[in-house]
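Summary of the model geometry
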Amino acid sequence: MRNEAMTEGNLFKFDYFKCLRSDYAKNECTICIDLCPEEAMVFDRKKLTLDTERCTACAACVGSCPTEALASEVFDPNRFSLEFASQQKPLISCKENVPCLSALSSEHFIAIALRKEGGVECDLSHCAECSVNKDGKVLASIEASIAEANRFLEMFGFERLVSMRHEAQENAPDAGRRMLFKKLANAVKEAGEEDGMRELIHLNDEKQPLKRILLKNALKKVSESFPKETTREAAFSFVVGKKIDAISCNNCQECAMFCPTDALSILKDNTGILFQMGKCIACGICNDVCQPRSITDDNSFDLVDFAFDRMQILVKHRLEICEECKVAFSYHGGEKVCDRCKEFKENFSDLFTMAKDLE
Ligand code: SF4
Ligand code: SF4
Ligand code: SF4
């Protein structure tokens, strides 16, 4: 079925409904806007839209979007990260097999490195002179993604790192950008749904980005080589742990309702909030919607929790019925009156006193 919110430009797509800014009006994600060399992501009546006249389909922003709202017609980074393992050459290059290395995120680089025997090399020798790399932002973004992937791999003792090549090699093939796009588009047509795409379609989950599922699957495949101790103090751009303060949390459940990936969910008996780190994309929406500011980020990262979607209870409440409004609320001791009724009483105490005086 065609997605009516999809803007299609020159071999490029932007899915409005997948953008974090559409999920939550106050979200201020600007990752793609900051990276686009043509300033093609624009605001139209406060909504992020794609200016199809400006977009050159360079794919520089594709890998950067945490929710995969951006896509290229000629290149699917998820398909690529699955199929790269079976390719003969260990090289990723904009002269051979990708429109721009920026179309791959750090999650893709980790998954590729884990699947590929014998290491992976990224050819960055053309980036400095590339027209896509205005102000050096695109090259910096590619280097940051690879560095983050290597930090992750090293931290857990995986020896398969992603190397970077900055010097051009003599006699390196250069068929030109137009030819490369044609080659990639033909490869997409020929492949159809016959090969790795079957796995991708099978894995499709409306809420989680596919790159996350592929990363977790790559980790599961090498789980025998996980270190004994799998917890590290570490922050990554694509995931973050969460804590909830049980005293200030009022069990409103807004965090779970707004979470775009269902990383936060509600306990079956409605008494608290569950968290699955493997699904979190570090968008920060939960922190923003929580009125009492009960949610904080936790930089403790556990590889097993992440790879196997383990559930963690962040907060569990004792529920009682409010003596005023007769609605269940999170009880922390003292009189059995919910916060809303307490606030109401406090705000209108003068009126109650006046009414009593008039009796
Ligand atoms: S990077 Fe993705 S989520 Fe962020 S503003 Fe761009 S399209 Fe939206
Ligand atoms: S953490 Fe915040 S948003 Fe989530 S249930 Fe508690 S008060 Fe509500
Ligand atoms: S848990 Fe919070 S930061 Fe993580 S995906 Fe959900 S809303 Fe975003």
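Residues numbered from 1 in each chain as written. Chains lettered and ligands numbered in written order. Predicted model: local features only at pLDDT ≥ 70, side-chain atom pairs only at ≥ 80, totals over all residues. Heavy atoms only, no water.

Concerning the site of ligand 3
For the record, the criterion: By convention in this text, a residue qualifies as near a molecule or strand provided that one of its non-hydrogen atoms is within 4 Å of it. Under the scheme applied here, ten amino acids are nonpolar (Ala, Val, Leu, Ile, Met, Phe, Trp, Tyr, Cys and Pro), four are charged (Asp, Glu, Lys and Arg), and all others, including Gly, are polar.
Surveying the vicinity of ligand 3 reveals 13 residues, the closest of which are Cys259, Cys280, Cys283, Gly284 and Cys286. In terms of residue class, the shell around ligand 3 is built from ten nonpolar, two polar and one charged.

Observations regarding the site of ligand 2
Lining the immediate environment of ligand 2, one finds Ile244, Cys249, Asn250, Asn251, Cys252, Gln253, Cys255, Cys290, Pro292 and Ile295. The residue makeup of the shell around ligand 2, split by class, is seven nonpolar, three polar and no charged.

Focus on unusual backbone geometry
What counts is decided by this rule: Think of it this way: any DSSP run of H or I at least four residues long counts as a helix, any run of E at least two long counts as a strand, and we number them from the N terminus. Using a 1.4 Å probe on the protein chains alone, a residue whose accessible area is under 20% of its type maximum counts as buried, one over 50% counts as exposed, and one in between counts as partly exposed.
With a phi angle near 50°, Glu39 is a residue other than glycine that sits in the positive phi range. When you line up the elements, Glu39 lands in the loop between helix H2 (31-35) and strand S3 (41-44). With a phi close to 60°, Ala57 is a non-glycine residue in the positive phi region. Along the chain, the position of Ala57 falls in the loop between strand S4 (47-50) and strand S5 (70-72). Ala57 gets classed as buried once you look at its relative accessible area, which sits at 2%.

So, the pairing of strand S7 (residues 120-123)
Worth spelling out the cut-off: By definition, two strands form a pair when at least two bridges between them are found by DSSP. With the strands pointing away from the viewer, any crossover whose connection runs clockwise from the first strand over the helix to the second is right-handed.
In the sheet, strand S6 (residues 91-92) pairs with S7 via two bridges, with the strands oriented parallel. Looking across to S7, one finds that Ile92 is bridged to Cys122. Crossover connection from S6 via helix H4 (residues 106-115) to parallel S7: handedness right-handed. The pairing of S7 with strand S8 (residues 162-165) spans four bridges and is classified as parallel. The residue of S8 that forms the bridge with Glu121 is Ser163.

Quick notes on the nonpolar core
For clarity, the cut-off: Working definition of a nonpolar core: buried Ala, Val, Leu, Ile, Met, Phe, Trp, Tyr and Cys residues. They are joined through side-chain atoms within 4.5 Å. Residue contacts follow a heavy-atom distance rule, with two residues in contact if any of their heavy atoms lie within 4.5 Å.
Membership of the largest hydrophobic core comes to 82 residues, with the highest contact counts inside it found for Ile92, Phe152, Phe158, Leu219, Leu264 and Phe301. When residues in this core are grouped by element, the largest group, seven residues, is from helix H5 (residues 137-155). Aside from chain neighbours lying at most four places away, what touches Leu264 is Cys255, Ala256, Cys259, Ile273, Leu274, Phe275, Cys286 and Leu314. Judged by nonpolar contacts, the second largest core, of six residues, contains Cys322, Phe329, Tyr331 and Val337.

As for the packing of aromatic side chains
In plain terms, the rule: For this analysis, a ring pair means two rings from Phe, Tyr or Trp (six-membered ring only for Trp) whose centres lie within 6.5 Å, classed as stacked if their planes differ by under 30 degrees, edge-to-face if by over 60, and tilted for the remaining angles. Think of it as a cone above the ring: NZ of Lys or CZ of Arg counts as a charge over the ring if it is within 6 Å of the ring centre and within 35 degrees of the ring normal.
All chains considered together, the criterion is met by 15 aromatic pairs. Taking the centre distance of 5.6 Å and the plane angle of 55° together, the rings of Tyr16 and Phe17 count as tilted. For the ring pair Phe301 and Phe306, a centre distance of 5.2 Å and an interplane angle of 45° mean the geometry is tilted. Of the residues examined, Phe301 reaches a relative accessible area of 2% and is grouped as buried. Through a chain of ring-to-ring contacts, three or more aromatic side chains come together here, namely Phe152, Phe156, Phe236, Phe238, Phe301 and Phe306. Cation over ring: Lys116 sits above Phe84, and NZ or CZ is 5.2 Å from the ring centre. The aromatic ring of Tyr331 is capped on one face by Lys336, whose charged end is 5.7 Å from the ring centroid.

Overview of the sheet that holds S8
Overall, parallel pairing links the three strands, which are arranged S6-S7-S8 in an open sheet. Both edges of this open sheet fall to S6 and S8, since each of them pairs with a single strand only.

Digging into the sheet that holds strand S15 (residues 311-316)
Using the following cut-off: Every axis corresponds to a line fitted to the C-alpha atoms, with the helix fit spanning only the stretch in contact, and the corresponding angles, defined between N-to-C directions, vary from 0 to 180 degrees.
Ordered in space as S11-S12-S15, the three strands form an open sheet in which the pairing is antiparallel. Across the chains shown, the open sheet's two edge strands, defined by having one partner strand only, are strand S11 (264-266) and S15. Between one strand axis and the next, the sheet turns through 30° on average, direction left out of account.

Observations regarding the environment of Gln208
In this structure, Gln208 sits in the loop between helix H7 (196-203) and helix H8 (210-221). A relative accessible area of 8% places Gln208 in the buried class. When the C-alpha positions of Gln208 and Cys280 are compared, they lie 8.6 Å apart, and in sequence the two are 72 residues distant. Ignoring any residue separated from it by four or fewer positions in sequence, one finds Gln208 in contact with Ile213, Lys216, Thr261, Gly278 and Lys279.

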